[in-house]
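# Geometric and topological summary
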Amino acid sequence: MSDWQAKEGLTIAIDGPSGSGKGTVAKMLAKEVGLPVLDTGLLYRLVGSVALTRAVALDSAESLSGLVDGLLVSIDWTVDGIFFEGENITASLRSEQVGEAASRVAAQPLVREKLLGLQRLIAQAGCIMDGRDIGTVVLPDAPAKFFLTASVRERARRRWAQLKDQGGSSLEAVVDELKMRDQRDQERQHAPLCQAADAITIDSTTMRVDDVVDRMLGVLERRGLIQAAA
Ligand code: DC
C-alpha cells in the first residue's frame, strides 16, 4: 500500500529536459501516492519508431499525420507501457536512435495536436504525467507542476552510464547529442520545452532521487493534495 493518499482525480505534471530524471522520479512518486504514471515521451517515441520502420520522412507533416491516425486506433497505452498490435513494445522504444526520431517528429505541430486529446483523456482519472509540455499545454490546470532539471554535463553523465554497458558512445559524444536534443526541444515553434509560470523548479544536479521525491511530497502535502494514508 502507498504511504500517501492522493485526492481523487489528482493530476501532477513533471516536465524537464532529456536526462533530468523525470521518468525515475515520476515512477517513485507514483508509488508513494498511489497514482498511475504516464511517460508521454513514449508516445513521441512510438511515432518516431514506426516512422523509421516504415521509412516515413520525419519532417513530412502530411505523412506523419496519416501515420498517427493509424496508430491512435491500434495502440493501447497502459501503466505497464505501450501495447502495439498486441505486444508491449516499451523497451524497444528506449534506444538513442528512436529518441532522436522522437525529437524530430515532436517538432511537427500536427503530430502534437493529434496526441494531445489522447493524453488529456488518459489524465482524466488522475495521474502523474511526465514530458516537455505537460504543465504548459497538456494539463495547464494541474494543481501541482514540477520542472525538473540538471546541468547538461550531469544529465549526459547519467545517460552515458546507462549506455556504456551496451558499448555506447563516449561521454563527450553524449554531451553533444544532448545539447542538440535540448536545442531542438526548446526552439521548436509549437509547445517547446519551457517551464510553466506556476511550476516549481527542482535542480537535481547534486540531489539524490529520494530527496527530489521528498521535496515533491512536501509540496503536495502543504497544498492539501495528498495526506498520510490511514
Ligand atoms: O522524454 P523522452 O526522451 O522519452 O522524449 C523523447 C522526445 O519526445 C523528446 O526529444 C521530446 C519529445 N517529447 C515532447 O516533445 N513532448 C512530450 N510531452 C514528451 C516528449
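Residues numbered from 1 in each chain as written. Predicted model: local features only at pLDDT ≥ 70, side-chain atom pairs only at ≥ 80, totals over all residues. Heavy atoms only, no water.

### Section: the confidence of the model for the protein chain
For clarity, the cut-off: For every residue, the pLDDT score states the predictor's confidence, bounded by 0 at the bottom and 100 at the top. The helix count covers DSSP runs of H or I at least four residues long, the strand count covers runs of E at least two residues long, and both are numbered beginning at the N terminus.
Scored by pLDDT, the protein chain has a mean of 91; 99% of the residues are at 70 or more. Within the protein chain, no element has a lower average pLDDT than strand S4 (residues 75-78), which sits at 84, and none a higher one than strand S2 (residues 11-15), at 98.

### What about empty space enclosed by the protein?
What counts here: Each cavity reported here is a set of points on a 1 Å grid over the protein atoms alone in which a 1.4 Å probe fits but cannot get out, each pocket an open set with protein on both sides within 12 Å along at least five of seven lines, and each lining residue one with an atom within 4 Å of a point. Grid points are joined across faces, edges and corners, and a volume is the space filled by probe spheres set on the points. Ten residue types, Ala, Val, Leu, Ile, Met, Phe, Trp, Tyr, Cys and Pro, are classed as nonpolar, four, Asp, Glu, Lys and Arg, as charged, and the remainder, Gly among them, as polar.
Scanning all chains against the criterion turns up one cavity of 30 Å³ or more. By volume, the largest cavity is sized at about 40 Å³. Around the largest cavity sit Ala-13, Asp-15, Gly-135, Lys-145, Phe-146, Phe-147, Cys-194, Gln-195, Ala-196 and Ala-199, which together line it. Among the elements of the structure, S2 and strand S8 (144-149) are those that each provide at least two residues to the lining of the largest cavity. Per element, the largest residue contribution to the lining of the largest cavity is three residues, and it comes from S8. Taken together, the residues that form the lining of the largest cavity break down as six nonpolar, two polar and two charged.

### Considerations on the sheet that holds strand S5 (residues 81-84)
The strands making up a sheet are joined through hydrogen bonds of the backbone, oriented either antiparallel or parallel. Our working rule: One requirement defines pairing of two strands: DSSP has to find at least two bridges between them. Here a residue-residue contact requires only that any non-hydrogen atoms of the pair lie within 4.5 Å. Here an angle of 0 to 180 degrees is reported between the N-to-C directions of two axes, which are lines fitted to C-alpha atoms, with helices fitted over the stretch in contact.
With respect to topology, three strands assemble into an open sheet ordered S4-S5-S6, the strand pairing being antiparallel. Sheet topology places S4 and strand S6 (87-88) at the edges, where each strand pairs with a single neighbour. Two elements, S4 and S5, share four bridges in a ladder whose sense is antiparallel. Residue pairing for S5: Ile-75 is matched across the bridge by Phe-84. Packed on one face of the sheet, helix H2 (residues 41-53) meets S4 and S5 and runs near 35° to S5. The sheet contacts of helix H3 (residues 61-74) involve S4 and S5, and relative to S4 the element is tilted by about 60°.

### As for the site of the ligand
What counts is decided by this rule: The near set for a molecule or strand comprises every residue that places at least one heavy atom within 4 Å of it. Each polar contact in these results corresponds to two N or O atoms within 3.5 Å; when the atoms are within protein, one needs to be able to donate a hydrogen and the other to accept it, and residues that are neighboring in sequence are counted only if both atoms are side-chain atoms. Under the convention used here, a 1.4 Å probe and the Shrake-Rupley method define accessible areas, while residue burial counts only the protein chains that appear.
Near the ligand you find 15 residues, and of these Arg-45, Arg-112, Arg-132, Asp-133 and Arg-188 are the closest. Here Arg-45 contributes a side-chain N or O atom positioned 2.6 Å from an oxygen atom of the ligand. If the ligand stood free it would expose 450 Å²; the protein chains cover 96% of that surface. Where the shell around the ligand is concerned, the elements lending two or more residues are H2, helix H4 (96-105) and helix H8 (171-187).

### Digging into the nonpolar core
Let me state the cut-off plainly: By convention a nonpolar core is built from buried Ala, Val, Leu, Ile, Met, Phe, Trp, Tyr and Cys residues, the set being connected through side-chain atoms within 4.5 Å. Between buried and exposed lies partly exposed: a residue is buried under 20% and exposed over 50% of the maximum accessible area for its type, with that area taken using a 1.4 Å probe on protein chains only.
Formed by 35 residues in total, the largest nonpolar core has its most connected members in Leu-46, Val-47, Ile-82 and Met-129. Here this core takes seven residues from H2, the largest share from any one element. In contact with Val-47, not counting residues within four places along its chain, are Leu-64, Leu-67, Val-68, Leu-71, Val-105, Val-111 and Leu-115.

### Re the sheet that holds strand S3 (residues 37-39)
Read from one edge to the other, the open sheet built from five strands follows the order S3-S7-S2-S8-S9, with strand pairing classed as parallel. The open sheet has two free edges, formed respectively by S3 and strand S9 (200-203), since each of these has just one partner strand. Within the sheet, the average angular offset between the axes of one strand and its neighbour, ignoring direction, is 20°. Pairing geometry for S8 and S9, over four bridges, is parallel. Residue pairing across strands places Leu-148 opposite Ile-202, the latter belonging to S9.

### Examining the environment of Ser-204
Within the fold, Ser-204 resides in the loop between S9 and helix H9 (209-222). We classify Ser-204 as buried; its relative accessible area is 3%. Each C-alpha atom of the pair Ser-204 and Ser-151 lies 8.3 Å from the other, and the pair is 53 residues apart in sequence. Look past the residues within four positions of Ser-204 in its chain and what remains in contact with it is Ser-20, Leu-148, Thr-149, Ala-150, Arg-158 and Val-212.

### Regarding the packing of H4 against H8
Put simply, the test is: Each angle gets one of four labels, with under 35 degrees taken as roughly parallel, over 145 as roughly antiparallel, 65 to 115 as roughly perpendicular, and the rest as oblique. Two helices that cross are described as forming a left-handed crossing if the nearer one is turned anticlockwise from the farther one by less than a right angle, and a right-handed crossing if clockwise.
At their nearest, the axes of H4 and H8 sit 10 Å apart, and the two run at 25° to each other. As judged from the angle between their axes, H4 and H8 are roughly parallel. Once H4 is placed against H8, the crossing between them reads as left-handed. Residues Glu-96, Gly-99, Glu-100, Ser-103 and Arg-104 of H4 lie in contact with H8, whose contacting residues are Glu-177, Arg-181, Arg-184 and Asp-185. Split by residue class, the contact of H4 with H8 holds no nonpolar, two polar and seven charged.

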